[in-house]
Amino acid sequence: MLNKSDEFLEDALFIRELAMKHNKFFEESIPLIASENIMSPMAMEMLLTDLGFRYAEGLPHKRYYQGNQIVDIIEDKVTDLGRALFNAKYVDPRPLSGTNSNMAVLYAFTKPGDTITTPALSGGGHISSAPFGAVGFRGLKTLNYPFDVDEMNINVDGTIKLLKQAKPKLAWFGQSVFLFPTPLKELRDTLEEIGSTVVYDAAHVLGLIGGKQFQDPLREGAQIITGSTHKTLPGPQHGIIIGETTEEKWKKVQRGVFPGTLSNHHLNAMAALGVTLAEHLDYGEAYAKQIIKNAQTLGSELSKLGFNVLGEKNGFTKSHTLAIDVSKNGGGKEVAEKLESCNIILNKNLLPYDDNKKSMNPSGIRIGTQEVTRIGFKEADIKELAELISDIIIKKKDPEVMAEKVRDFKSTFNEVQYCFGKFKPYQYIELFK
Ligand SMILES: *Cc1c(COP(=O)(O)O)cnc(C)c1O
């Protein structure tokens with residue numbers, strides 16, 4: 001097989017072998033990272049099409065290049081499906097990621113030197129809304145909403161006070177540790193009074209909103225939703241912007257996307273997003289319900305087993321996410337690494353009372369139930385998972401024995417659910433012969 005001129009073939013094959021190994025690793029592991037998911041067979045097919053090799057700059061039917069006649073019809077369809085799922089006047093399916101969506105909106109509504117209000121990093125805010133992320137790239141300053149640890153949410157009275165003082169052009173909401181709905185309704189009068197554009201970053205909870213099981217930000221005072229399309233919405237790594245606003249503001253958003261912050265918009269991922277939106281219109285409600293049920297079950301089981309699960313007062317969570325203080329179990333870093341050695345994958349996370357400097361060894365871990373739900377976990381399976389986690393961290397059972405147990409348990413979940421067609425997850429699909 002080795003041709004003399006194929007001097008670097010072995011290097012390529014080395015990478016390919018590692019990719020196969022990676023698939024196998026995830027096939028044998030329990031995936032609990034709150035920002036990840038797996039795709040359906042039809043959506044995955046879209047990623048492999050010729051769409052991924054083409055350019056379509058601008059908006060449908062007004063392109064700069066030829067060759068987009070079919071792309072235009074696809075993009076119109078994806079946009080319509082997004083409008084239907086989110087009950088919104090406007091959708092832009094072009095952003096390449098959640099961060100890109102945020103950059104486009106920041107570009108549209110702010111000028112360098114402006115101050116905007118955002119959730120604090122320690123309160124679960126995302127790096128793209130931090131001074132060293134996209135917000136800083138736009139040259140903006142931030143003021144953070146006060147956080148209430150008991151409620152695991154921004155503090156309403158303090159936030160109203162801050163908004164009245166700062167009168168930001170842009171009020172930014174939404175987090176990466178997103179346990180409970182943002183109190184938008186309670187802030188609505190203040191936001192209207194000061195005339196801020198209200199942006200809700202739904203990267204994490206987009207699939208729950210589409211499944212009508214979280215909050216409905218566009219009906220509660222937000223004009224713009226930004227999001228990633230691969231967290232609780234189980235689509236491709238891509239972004240989306242959704243709007244219920246004036247035509248004038250929406251045009252600004254569209255210009256913020258192109259030419260503001262991207263040129264081509266990865267047409268294969270956009271098509272995969274369209275398939276995912278259609279699937280979510282059919283299955284999203286059942287999927288989102290089960291995700292949340294599973295998260296709440298995991299919260300109460302882990303709490304019963306002795307873990308310090310935050311948000312207890314409000315039932316631990318109303319989303320896919322749990323935040324757990326593991327400072328008495330060795331800290332976030334040690335716990336996450338120990339679980340990884342037993343094939344349970346999750347991440348360490350800052351908690352609201354942690355200093356940002358502790359981000360490499362914070363007090364917490366974060367868990368999301370969206371991917372395990374996608375492969376069929378129900379409440380009884382979640383109870384078994386809680387036992388496994390407790391056996392590893394609290395009972396300190398032998399890691400090798402536990403890894404074997406986790407692999408055995410995982411091997412019983414063999415089908416991607418809540419989508420069209422049947423598909424075994426984590427398969428390696430070979431094209432090279
Ligand atoms: C994940 C996330 C993003 C960024 O998403 P990418 O698609 O990874 O760029 C933005 N905001 C929040 C709140 C997130 O959690």
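Residues numbered from 1 in each chain as written. Predicted model: local features only at pLDDT ≥ 70, side-chain atom pairs only at ≥ 80, totals over all residues. Heavy atoms only, no water.

In the annotation of an unreviewed UniProt entry, the entry for the chain reads Serine hydroxymethyltransferase, and the organism field reads Ferroplasma acidarmanus Fer1. What UniProt records for the chain under Pathway (unreviewed entry) is the sentence "Amino-acid biosynthesis; glycine biosynthesis; glycine from L-serine: step 1/1." (UniProt positions renumbered as here; feature names shortened; annotations may be inferred.)

### Structural notes on a nonpolar patch on the surface
Taken together, the side chains of Leu-47, Leu-48, Ile-429 and Leu-431 make up a nonpolar region of the molecular surface, amounting to roughly 390 Å² of accessible area. For Leu-47, the location among the structural elements is in helix α2 (residues 41-47). Leu-47 sits in the partly exposed class, given a relative accessible area of 32%. (Patch = residues over 30% accessible without salt bridge, like charges linked within 9 Å, V, L, I, M, F, W, Y side chains within 5 Å. Areas by Shrake-Rupley, 256 points an atom, 1.4 Å probe, with all protein chains shown as cover. Salt bridge = Lys/Arg side-chain N within 4 Å of Asp/Glu carboxyl O. Helix = DSSP H or I, 4+ residues; strand = E, 2+ residues; numbered from the N terminus. Buried < 20%, exposed > 50% of the residue type's maximum accessible area, 1.4 Å probe, protein only.)

### Let's talk about the pairing of strand β9 (residues 170-173)
Two faces belong to every sheet, and in a regular strand the side chains alternate between them. Side-chain alternation along β9 places Leu-170 and Trp-172 on one buried face and Ala-171 and Phe-173 on a second face that is also buried. Across four bridges, the pairing between β9 and strand β10 (residues 197-201) is parallel. Its bridge partner being in β10, Leu-170 is matched across the sheet by Thr-197. (Pairing = 2+ DSSP bridges.)

### Observations regarding the pattern of salt bridges
Taken as a whole and assessed by the stated rule, the structure comprises 21 salt bridges. Between Lys-333 and Glu-337 there is a salt bridge, and its shortest N-O distance comes to 3.2 Å. Highlighted residues: Lys-333 and Glu-337, both in helix α11 (residues 332-341), separated by four residues, approximately one helical turn. Look at the salt bridges and you will find they share partners, linking Arg-63, Asp-72 and Glu-75 into a network.

### Describing α11
Residues that lie three or four places apart on an α-helix share one face, since the helix turns once every 3.6 residues. All of the buried residues in α11 are Gly-332, Val-335, Ala-336 and Leu-339. Seen end-on, α11 carries its buried residues on one side only, within an arc spanning 95°. Buried residues in α11 make contact with β15 (344-345), β16 (347-349), β17 (364-368) and α13 (379-393). Of the residues flanking the end of α11, it is Asn-343, one or two places downstream, whose phi is positive at about 65°. (Arc of directions from axis to C-beta. Contact = heavy atoms within 4.5 Å.)

### Describing the side chain of Asp-201
Position of Asp-201 relative to the elements: it lies in strand β10. In this structure, Asp-201 is buried with no salt-bridge partner, the nearest side chain bearing the opposite charge being Lys-231 at 6.7 Å. A distance of 3.0 Å separates the side chain of Asp-201 from the side chain of Asn-102, its partner in a polar contact. Apart from the residues within four sequence positions on either side, Asp-201 is in contact with Asn-102, Ser-128, Trp-172, Phe-173, Gly-174, Gln-175, Phe-178 and Thr-226. (Lys, Arg positive; Asp, Glu negative; His and termini not counted. Polar contact = N/O pair within 3.5 Å; in protein donor to acceptor, adjacent residues only side chain to side chain.)

### A closer look at the layout of surface pockets
The volume enclosed by the largest pocket comes to roughly 750 Å³. Around the largest pocket, the lining comprises 23 residues; the ones closest to its centre are Asn-23, Asn-37, Ile-38, Met-39 and Met-44. Mapped by element, the contributors of at least two residues to the lining of the largest pocket are α1 (9-27) and α2. Sort the elements by how many residues they give to the lining of the largest pocket and α1 lands first, with three residues. When the residues that make up the lining of the largest pocket are grouped by side-chain class, the tally is twelve nonpolar, eight polar and three charged. Its boundaries defined by the atoms lining it, the second largest pocket holds a volume of some 410 Å³. For the second largest pocket, the lining is made up of 19 residues, of which Leu-121, Gly-125, Ile-127, Ser-176 and Asn-349 are closest to its centre. In terms of residue count, β16 provides more of the lining of the second largest pocket than any other element does, three residues in total. Split by residue class, the lining of the second largest pocket holds six nonpolar, ten polar and three charged. (1 Å grid on protein atoms, 1.4 Å probe; cavity = no way out; pocket = protein on both sides within 12 Å on 5 of 7 lines; lining within 4 Å. Points joined across faces, edges and corners; volume = space filled by probe spheres on them. Nonpolar A, V, L, I, M, F, W, Y, C, P; charged D, E, K, R; others polar.)

### Re the site of the ligand
If you check the shell around the ligand, you find 14 residues, and the closest are Gly-98, Thr-99, Ser-176, Asp-201 and Lys-231. His-126 has a polar side-chain atom sitting 3.5 Å from a nitrogen atom of the ligand. At 2.7 Å, a side-chain N or O of Ser-176 approaches an oxygen atom of the ligand. Calculation on the ligand without its partners gives an accessible area of 380 Å², and the protein chains cover 86% of this total. Taken together, the residues that form the shell around the ligand break down as one nonpolar, eleven polar and two charged. (Near = heavy atom within 4 Å.)

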